[in-house]
Amino acid sequence: MTAESALFMEEDQEQPRVLLVDDDEVNLLLTSIALRDRGFAITESSSGEQALQMMSDWLPDVVVLDAVMPGLDGFATCQELRQMPGYESVPVLMLTGLDDEASITRAYEAGATDFFVKSTQWSLLAGRLRYLLRASRTRHELERSKAKLARAQDLARMGSFDWRKGQGDLAFSVEGLRVFGLGANDALGLRHLLRMVQVEERQGFIRILHEVLDHGTILCNDIQVGLADGRRRILHIEAEPEFNELANLIGYTGIVQDVTDRRVAEDKIKHLANFDTLTGLPNRRQIFWRSERAIEHAKRLNHGVALLQVGLDRFKIINENLGHHAGDELLIEVSRRLRNCVRHSEQVLESSVDLGGQRVHRTLEAVGRLGADEFVVLLPEVANEREAMETARVILDALREPMMVSGQECFITASVGVAVFPSHGLNVADLLRNADVAMDLAKSQGRNTAQLHDPQLASKGRVRLDLDTALHKALERNELVLHYQPKIDVRTNRMVGAEALMRWQRNGTLVPPGDFIPLAEATGLINQMSLWAIDEAARQADEWQKKFGFDASIAVNLPSRLFEQDDLVEKIEAILLARGVSPRAIELEITETGLMKDLQGVVPSLHRLNQLGTEISIDDFGTGYSSLAYLTTLPISELKIDRSFVRDLGDTPQSSAVVSAIIALARALGLRVIAEGVEKASQMEVLYNLGCHICQGFLYARPMPPADVERWLQDTQSTQSLPRIGALGGEPPTQLVGTLR
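Residues numbered from 1 in each chain as written. Predicted model: local features only at pLDDT ≥ 70, side-chain atom pairs only at ≥ 80, totals over all residues. Heavy atoms only, no water.

## Comments concerning the overall build of the chain
Here is the rule: Numbering of helices and strands runs from the N terminus, with a helix taken as a DSSP run of H or I at least four residues long and a strand as a DSSP run of E at least two residues long. Only protein chains enter the accessibility calculation, which uses a 1.4 Å probe; a residue whose area is less than 20% of its type maximum is buried, one above 50% is exposed, and one in between is partly exposed. Contact criterion: two residues are considered in contact whenever any of their non-hydrogen atoms come within 4.5 Å of each other. Every accessible area reported is derived by Shrake-Rupley at a probe size of 1.4 Å, with residue values counting cover from the shown protein chains alone.
If you tally the helices and strands in the chain, you get 26 helices and 26 strands. Scored against the burial criterion, the 741 residues of the chain give a buried share of 47%. The contacts of the chain with a sequence gap of at least 6 include a subset with a gap of at least 24, amounting to 64%. Taken as a whole, the chain presents about 37,200 Å² of accessible surface, with 51% of it coming from carbon and sulfur.

See the structure below:
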């Protein structure tokens, strides 16, 4: 193989297939050998008829025809070849011994791609064939690209056009005519196009065309046109100017595209992005934007802006009893009534409304839906807070009227929170937050009312939020500690147990339990914190047992929601095993109110804990609504008399009567009874006389850290300073539990 053919083979990995047609066997043989040596795959034919028969089921890359042959000559063969499907663009090289102009013209008229005068210059022939193949490939690529472009333009509903200055009208491509609903043979002039433009837009479009032509600038515009079949479409037109070498405008080249579907989709997306799908009201994004614009105008025109947050009361009841479909009906009716209470604007507003001192900002007024059962009302201009509150009262009155939902008459009320710029916030975020806080206050005050924002409430809310955030990290930072308050048997002055009370040591100070315990219960952290308290109390019981023989129990308060955990008993058992303490080392206290809140859910766990060996105590007994029938079957060991009854002992006979009844009940059930909150010796004496011998309170000791408990034990043992029943003939005090090492 020659270097020439090798180079060609690098350009084309497959050998080009050549059909060589010549009636001269010698010339056919020589030409075949020469072309094969130069990298071509040759198929030979000795006549035009044979060549046409071969090509009926085979397609070569190039055909080389001898012009002069008996029967069908090269010219006739080429003509018939061009009539065959698929052979319209196959390269045909006509070989002729004639170099006269008439033969050359006849070859081209017959459909030949090129001609070549017969000679022995085989390299020249091979080069001509390679050129034809390259040109054919290039043409095929161009045709494919053109077809793809036409297809893409059809899919995009796009076409092109040209306009030449001083040379007539617009010239549209076939695809461009289709955009206007016209066929390939139709014509579309500028006047006809302008008549298709909607009347209300026509003069403006003509003015734009004049400005573009006068300045030689780019045209980019959307127009609405009416097609011949009555359809209205939105067309996007772009055109760029063309200039000659002297920088003179000579014409425009551009495209026209049907963007109707895109504009409809954009409008739909815009609506979805700005309006609630159920009620059709502006959503949070749109209301936020309108509120920002309203505040901008308020700053310039020196008036107020009000945001009213409206929350439906007990909407959940409608959903649960009548279904979500009924709830949707109710929300739609509420949105309709709220619209009627203000000058509601449905317009999608996105661009800045900045028209000087005009009152166009009033078009911003609207009702929006924040989500679920909460709405917001924007009043872009109010004179004072009283005016905003008056609108809130109108809303409340409108919502009080009965509504028909799923064929049933329903009554719904709302709670409204009101925040006014600039008194209650200088930006939208602050106003929305403060309106929300005011709405929550309205709900907490009984609902069905309106509440103006109170700045003091906002500061309390921020403190609560900071506390909530810090509480989530208190456990991992080891900020929680247990303080212990001793339980004293007044007959012997002996410590017979202790209650573990949780404390939070934050930034070197103790956070009052009343501040963080309710927060922990609200956030669900109380479960994790309670399990930690059991573990820490077990560890402390083990440490005291080793130090001074502590053999009593430490009581830990458990919230009722902790019993919702199916594996609570297993977790407590695992803690006791890990700490190596007896189940009786820990006593679990549950309040009477918490017990009765979910008695059926709590009782099974109480029985399992009792079987484990852990004692159960009912705390704050007498403050709830216990069922004595259940009390007789509960696996409890102790009742704790609430401090509210102990506080008035010795002062009012009623308190003594209640305490006496609790003690008698405990004795009848075989339960221990303990009084908490004992602060005076007189209270201790009354309790002793009534038969309660175990007390807990400030009279003996406050809740203390573990180290202070040890010192307290040592001090009270050495000085025997605890209050005792001396005047009532009680037994003399004995040593406290164990002996300090």
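## Regarding the sheet that holds strand S5 (residues 114-117)
We count it as follows: Here a strand pair is declared whenever DSSP counts at least two bridges between the two strands. Axis lines are fitted to C-alpha atoms, over the contacting stretch for helices. Their N-to-C directions set the angle, which ranges from 0 to 180 degrees.
The strand order S2-S1-S3-S4-S5 describes an open sheet built from 5 strands, whose pairing is parallel. Edge strands, defined here as strands with exactly one partner in the open sheet, are strand S2 (41-45) and S5. Taking each pair of neighbouring strands and ignoring which way they run, the sheet shows an average axis angle of 20°. Relative to strand S3 (residues 62-66), strand S1 (residues 17-21) runs parallel, the two being bridged by 4 bridges. Looking at S3, one finds that Leu20 is bridged to Val64. Here helix H2 (residues 25-37) sits on the sheet in contact with S1 and S2, set at roughly 170° to S2. Sitting on the sheet, helix H4 (residues 74-83) touches S3 and strand S4 (92-96), and the angle it makes with S4 is about 170°.

## Details of helix H12 (residues 315-322)
Put simply, the rule is: Here the arc refers to the set of directions running from the helix axis out to each C-beta atom.
Every buried residue belonging to H12 is among Phe315, Ile318 and Asn319, and all of these are buried. Burial along H12 is one-sided: seen end-on, the buried residues are contained in an arc of 95°. Exposed side chains of H12 directed beyond 90 degrees from the buried face belong to Lys316, Glu320 and Asn321. Residues of H12 that are buried sit in contact with strand S11 (304-312), helix H13 (324-341) and strand S15 (408-410). Looking at the residues trailing H12, positive phi occurs at Gly323, about 100°.

## A closer look at the packing of H4 against helix H5 (residues 101-110)
Formally: Each angle is binned into one of four classes, with values under 35 degrees roughly parallel, values over 145 roughly antiparallel, values of 65 to 115 roughly perpendicular, and all other values oblique. Gly counts as polar in this scheme, as do all residues outside two lists: the nonpolar Ala, Val, Leu, Ile, Met, Phe, Trp, Tyr, Cys and Pro, and the charged Asp, Glu, Lys and Arg.
For the pair H4 and H5, the least separation of the axes is 8 Å and the interaxial angle reads 20°. Taken together, the axes of H4 and H5 lie roughly parallel to each other. Where H4 approaches H5, its residues Phe75, Cys78, Gln79 and Arg82 are matched on the opposing element by Ser103, Arg106, Ala107 and Ala110. In the contact of H4 with H5, the residues fall into 4 nonpolar, 2 polar and 2 charged.

## Considering the pairing of strand S13 (residues 374-382)
In terms of burial, S13 is a largely internal element, 7 of the 9 residues being buried. Where S11 lies against S13, 7 bridges are found, and the strand directions are antiparallel. Note that in S13 the partner of Gly311 across the bridge is Glu374. One ladder, built from 5 bridges, connects strand S12 (residues 366-371) with S13; its direction is antiparallel. Its bridge partner lying in S13, Arg369 is registered against Phe375.

## Side note on the side chain of Asp258
Cut-off, in case you're wondering: For the purposes of these results, a polar contact is taken to be a pair of N or O atoms within 3.5 Å, where, inside protein, one atom must be able to donate a hydrogen and its partner to accept one; residues adjacent in sequence count only when each atom of the pair is a side-chain atom.
On the secondary structure map, Asp258 appears in strand S10 (residues 249-258). Only 2.9 Å separates the side chain of Asp258 from the side chain of Arg233, close enough to count as a polar contact. A distance of 2.7 Å separates the side chain of Asp258 from the side chain of Thr260, its partner in a polar contact.

## Re the packing of H13 against helix H14 (residues 385-400)
Under the convention used in this document: Here a crossing is taken to be left-handed if its near helix is turned anticlockwise relative to the far helix by less than a right angle, and right-handed if that turn runs clockwise.
At a minimum axis separation of 10 Å, H13 and H14 run at an interaxial angle of 140°. The crossing of H13 and H14 is right-handed. Between H13, through Val334, Arg337, Leu338 and Cys341, and H14, the contact on the second element is made entirely by Val394, Ile395, Ala398 and Leu399.

## Notes on the pairing of strand S23 (residues 615-621)
The element S23 is extensively covered by neighbouring structure, given that 6 of its 7 residues are classed as buried. In terms of strand pairing, strand S22 (residues 586-591) meets S23 through 5 bridges, oriented parallel. Note that in S23 the partner of Glu589 across the bridge is Ser617. As defined by bridge partners, S23 adjoins strand S24 (residues 638-641) across 3 bridges and the pair is classed as parallel.

## Notes on the nonpolar core
Soluble globular proteins: nonpolar side chains tend toward being buried together. Here is the rule we go by: For this analysis, a nonpolar core means a set of buried residues of the types Ala, Val, Leu, Ile, Met, Phe, Trp, Tyr and Cys, connected via side-chain atoms within 4.5 Å.
Among the nonpolar cores identified, the biggest contains 84 residues, and Leu471, Trp504, Val678, Leu687 and Tyr700 are the most heavily contacted of them. Counting residues per element, this core draws most heavily on helix H18 (residues 525-548), which supplies 11 residues. Once you skip the residues sitting within four places of it in the chain, Val678 turns out to touch Val646, Gln683, Met684, Leu687, Cys695, Gln696, Gly697, Phe698, Leu699 and Tyr700. Within the second largest apolar cluster, 34 residues are counted, among which are Leu331, Leu379, Leu396 and Leu399.

## Here's the deal with unusual backbone geometry
Omega for the bond connecting Phe421 with Pro422 falls within 30 degrees of zero, at 5°, which places this linkage in the cis form. Looking at the secondary structure, you find Pro422 in the loop between strand S16 (414-421) and helix H15 (428-444). The backbone of Arg447 sits at a positive phi, close to 65°, despite the residue not being glycine. Here Arg447 shows up in the loop between H15 and strand S17 (450-452). Phi is positive for Asn448, which is not a glycine, with a value near 55°. As for its position among the elements, Asn448 is in the loop between H15 and S17. Residue classification places Asn448 among the partly exposed residues on the basis of a relative accessible area of 28%.

## Focus on the sheet that holds strand S9 (residues 232-243)
What the 5 strands build is an open sheet, ordered S7-S6-S10-S9-S8; its pairing is antiparallel. If you trace the sheet from one side to the other, it starts and ends with strand S7 (171-172) and strand S8 (219-226), each paired once. Strand direction decides the pairing type here: strand S6 (residues 158-164) and S7, joined by 2 bridges, are antiparallel. Bridge pairing in S7 links Asp162 to Ala171. Lying on the sheet, helix H9 (residues 199-215) is in contact with S6, S8, S9 and S10; it crosses S8 at an angle near 155°. Those strands touched by helix H10 (residues 260-274) are S8, S9 and S10, and its axis lies near 115° from that of S9.

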